[in-house]
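A structural walkthrough
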Amino acid sequence: MLALALPLALGAPACVRAYQPISGLQAPVVVNPAHPNLDGVQVALSCQAWPPLGPQDATRLCERVGALLEVQGATILEESSDSPRQAGTAPSAGADPLALPGLSPAPAPPATSGPDLRLSLSARVVHRARYPLSWLACAATATLVPAWSEATFAQRVEIRDARGALLVDRELQGRTVRRFGAGAVLGALVDRVARDPSRQVTGPAADRALSADLYGQLSQVIYNAHVQDRARRAISRGPG
């Protein structure tokens, strides 16, 4: 699965890392992100990143979430123009050379009012912590005792329908824990050798777990918003 841009942007030296879900990321997910859950749905996607994350991090996040939704059949619209990627330009109805003299050309079909859903993502680092005592112990034991640092990140998800009505306003939080030193490397080797790959918690396994949690939650909340939007439209049209 795609790797998430946010944790990669937290800026820590190479060391053993682990991931812990905190809030929102443990909710049950029933949709399969590899299935066409959003076939034919137009989604306007925008991403923002708050310091210390920068615009490049927001761009990477948007690219990867856009790819995730496209796999599920959605059409991702550009943030500024709300036009599909690589969409062609339709000819103007008033320029029809076959229009009969004295008659108005046939009215063009009504244009869509906009995307079906507007998805806004805001990524931020909530908290950073470096534990000085652990670094002193690491230095005093020639790195046999690992040094610890952690960062808590938040991903806010806001989804609105074509009219601008709010469908979803949710925040997902997780924590990345990084350990430095020979003791941390030894623990990671034990994790890799002694545990089944599906139960590993360090290194690449942490990235895979984070990606699975975040992309699963995004797929679920967007699908829920799509179903809710369809239900609202059906009610507004009335019977028949």
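These lines cover the structure that appears in this document, whether it is placed above or below. Only a predicted model underlies this, so the values are computations on that prediction, with no experimental measurement involved.

Strand order in this open sheet of 6 strands is 1-6-5-4-2-3, and the pairing throughout is mixed. The open sheet is flanked by strand 1 (16-23) and strand 3 (75-77), the only strands paired with a single partner. Between one strand axis and the next, the sheet turns through 30 degrees on average, direction left out of account. Where strand 5 (residues 147-161) meets strand 6 (residues 166-180), 14 bridges bridge the pair, whose relative direction is antiparallel. Looking at strand 6, one finds that Glu150 is bridged to Val177. Helix-sheet contacts for helix 3 (residues 132-140) involve strand 4 (117-130), strand 5 and strand 6, and the interaxial angle to strand 5 is about 140 degrees. Across the face of the sheet, helix 5 (residues 204-237) comes into contact with strand 1, strand 4, strand 5 and strand 6 while running at roughly 180 degrees to strand 6.

Take the packing of helix 2 (residues 55-71) against helix 5 next. Packing of helix 2 against helix 5 leaves a shortest axis separation of 11 Å and a crossing angle of 60 degrees. Judged on the interaxial angle alone, helix 5 and helix 2 are oblique. Regarding helix 2 and helix 5, the two cross each other, and that crossing is right-handed. Here helix 2 contributes Arg64, Val65, Leu68 and Leu69 to the contact with helix 5, which in turn contributes Tyr215, Leu218, Ser219 and Ile222. Here the residues of the contact of helix 2 with helix 5 are counted per class, giving 6 nonpolar, 1 polar and 1 charged.

Bringing the side chain of Gln200 into the picture now. Within the secondary structure layout, Gln200 lies in the loop between helix 4 (182-194) and helix 5. With residues near it in sequence (within four places) discarded, Gln200 still touches Asp191, Arg192, Arg195, Ala205 and Arg208.

Here we come to helix 4. For an α-helix the count is 3.6 residues per turn, leaving residues at separations of three or four pointing the same way. For helix 4, spanning 13 residues, the distance from its first C-alpha to its last is 18 Å, which sits close to the expected 18 Å at 1.5 Å a residue. When we look at burial in helix 4, the residues that qualify are Ala184, Ala188 and Asp191. Seen along its axis, helix 4 keeps its buried residues to an arc of 60 degrees; they face one direction. Away from the buried face of helix 4 by more than 90 degrees, exposed residues Leu186, Val193 and Ala194 are located.

Quick look at unusual backbone geometry now. The phi dihedral of Ala142 is positive, around 55 degrees, even though this residue is not glycine. The class for Ala142 is exposed, based on a relative accessible area of 57%. The phi dihedral of Thr143 is positive, around 70 degrees, even though this residue is not glycine. Looking at the element boundaries, Thr143 is found in the loop between helix 3 and strand 5. Take Thr143: its relative accessible area is 25%, and that puts it in the partly exposed class.

One pass over the full model with this rule turns up 10 salt bridges. With a closest N to O distance of 3.0 Å, Glu171 and Arg124 form a salt bridge. You can see Glu171 sitting in strand 6 and its partner Arg124 sitting in strand 4, a full 47 residues away along the chain. The exposure class of Glu171 is partly exposed, given its relative accessible area of 29%. When its relative accessible area of 23% is taken as the criterion, Arg124 is described as partly exposed.

In this section: the packing of aromatic side chains. Using the criterion set out here, one finds 1 aromatic pair in the structure. Seen in terms of ring centroids, Trp135 and Phe180 are 5.7 Å apart; in terms of plane orientation they differ by 20 degrees. Their pairing is stacked. With Trp135 in helix 3 and Phe180 in strand 6, this pair connects stretches of sequence that are 45 residues apart. Under the relative-accessibility criterion, Phe180 is labelled partly exposed at 35%.

Thresholds, definitions, all that
Residues numbered from 1 in each chain as written. Predicted model: local features only at pLDDT ≥ 70, side-chain atom pairs only at ≥ 80, totals over all residues. Heavy atoms only, no water. Pairing = 2+ DSSP bridges. Helix = DSSP H or I, 4+ residues; strand = E, 2+ residues; numbered from the N terminus. Axes fitted to C-alpha atoms, helices over the stretch in contact; angles between N-to-C directions. Contact = heavy atoms within 4.5 Å. Parallel < 35°, antiparallel > 145°, perpendicular 65-115°, else oblique. Left-handed = near helix turned anticlockwise from the far one by under 90°. Nonpolar A, V, L, I, M, F, W, Y, C, P; charged D, E, K, R; others polar. Expected span 1.5 Å × (residues − 1). Buried < 20%, exposed > 50% of the residue type's maximum accessible area, 1.4 Å probe, protein only. Arc of directions from axis to C-beta. Salt bridge = Lys/Arg side-chain N within 4 Å of Asp/Glu carboxyl O. Phe/Tyr/Trp six-rings, centres within 6.5 Å; stacked < 30°, edge-to-face > 60°.

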